Amino acid sequence: MIVIDYLGGIQPGTKCSAMFFDTLQLRREKEFHAKLYSQNGVHDREILRAMVAANVPDDPYWLVSLKPAEGVFGLEPRLYRVDDRTGKVLAN
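All values derive from a computational prediction rather than experimental measurement.

What follows covers the nonpolar core. Phe21, Leu26, Tyr37, Val42, Leu48, Val52, Val56 and Tyr61 form the largest nonpolar core, which has eight residues in total. Put simply, the parts of the chain that give this core at least two residues each are helix 2 (23–39) and helix 3 (45–55). Once residues within four sequence positions are removed from consideration, Val52 is found in contact with Lys30, His33, Ala34 and Tyr37. The next biggest cluster of nonpolar side chains, apart from the first, holds five residues, and it includes Val64, Tyr80, Val82 and Val89.

What follows concerns the pattern of salt bridges. Summed over the entire model, instances satisfying the criterion amount to four salt bridges. The partner of Asp58 in a salt bridge is Lys30, and the shortest N-O contact between them spans 2.7 Å. Pair noted here: Asp58 is in the loop between helix 3 and strand 2 (61–67) and Lys30 is in helix 2, with a separation of 28 residues, a long-range link.

Looking now at the sheet that holds strand 3 (residues 78–83). Within the open sheet, the four strands sit side by side as 1-2-3-4. Their pairing is antiparallel. The open sheet has two edge strands with one neighbour each: strand 1 (15–21) and strand 4 (89–90). Pairing of strand 2 with strand 3 involves six bridges; the strand directions are antiparallel. Directly across from Leu63, in strand 3, lies its bridge partner Arg81. Its contacts with the sheet put helix 2 on strand 1, strand 2 and strand 3, and the angle it makes with strand 1 is roughly 90 degrees.

For the rest of this paragraph, the subject is the packing of aromatic side chains. Summed over all chains, the structure comprises two aromatic pairs. Each ring, one from Phe20 and one from Trp62, has its centre 4.9 Å from the other, and the planes form 50 degrees; the classification is tilted. Of this pair, Phe20 sits in strand 1 while Trp62 is found in strand 2, placing the two residues 42 residues apart along the sequence. Of the residues examined, Phe20 reaches a relative accessible area of 27% and is grouped as partly exposed. Between Phe21 and Tyr61, the aromatic rings sit 4.9 Å apart at their centres with planes inclined by 5 degrees, giving stacked as the arrangement. Here Phe21, found in strand 1, pairs with Tyr61, found in strand 2; they are 40 residues apart in sequence, far enough to count as distant. Taken as a pair, Phe21 and Tyr61 share a single burial class, namely buried.

With that settled, the discussion passes to the pairing of strand 2. The pairing of strand 1 with strand 2 spans seven bridges and is classified as antiparallel. Counterpart to Phe20 in the pairing with strand 2 is Trp62.

Residue position: Gln25 is located in helix 2. By relative accessible area, which is 23% here, Gln25 ends up partly exposed. For Gln25 and Pro60, which are 35 residues apart along the polypeptide, the C-alpha to C-alpha distance reads 8.7 Å.

How each quantity is defined
- Residues numbered from 1 in each chain as written.
- Predicted model: local features only at pLDDT ≥ 70, side-chain atom pairs only at ≥ 80, totals over all residues.
- Heavy atoms only, no water.
- Core = buried A, V, L, I, M, F, W, Y, C linked by side-chain atoms within 4.5 Å.
- Buried < 20%, exposed > 50% of the residue type's maximum accessible area, 1.4 Å probe, protein only.
- Helix = DSSP H or I, 4+ residues; strand = E, 2+ residues; numbered from the N terminus.
- Contact = heavy atoms within 4.5 Å.
- Salt bridge = Lys/Arg side-chain N within 4 Å of Asp/Glu carboxyl O.
- Pairing = 2+ DSSP bridges.
- Axes fitted to C-alpha atoms, helices over the stretch in contact; angles between N-to-C directions.
- Phe/Tyr/Trp six-rings, centres within 6.5 Å; stacked < 30°, edge-to-face > 60°.

Here you go:
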């Protein structure tokens with residue numbers, strides 16, 4: 001609901017789903033990104049830490065997906081991160 005209020009003008013029939021990323025899932029996501037960047041040649045610890053921090057928030061959040069109604073062409077599903085504590089949409 002927060003994402004819909006934030007965006008406004010959501011088309012009727014839009015499908016909304018959400019997944020909660022708690023502390024354990026955030027740790028796994030950070031490990032995944034660190035491994036991915038390492039495999040792609042990033043080995044400096046500070047650079048690696050900065051790249052992971054730029055892509056994975058530190059605090060628990062909701063990942064919200066908005067998928068256009070069936071029959072609507074040219075629109076892709078959109079993903080938004082919503083801070084669990086503040087309820088604000090996080091910058092992508």
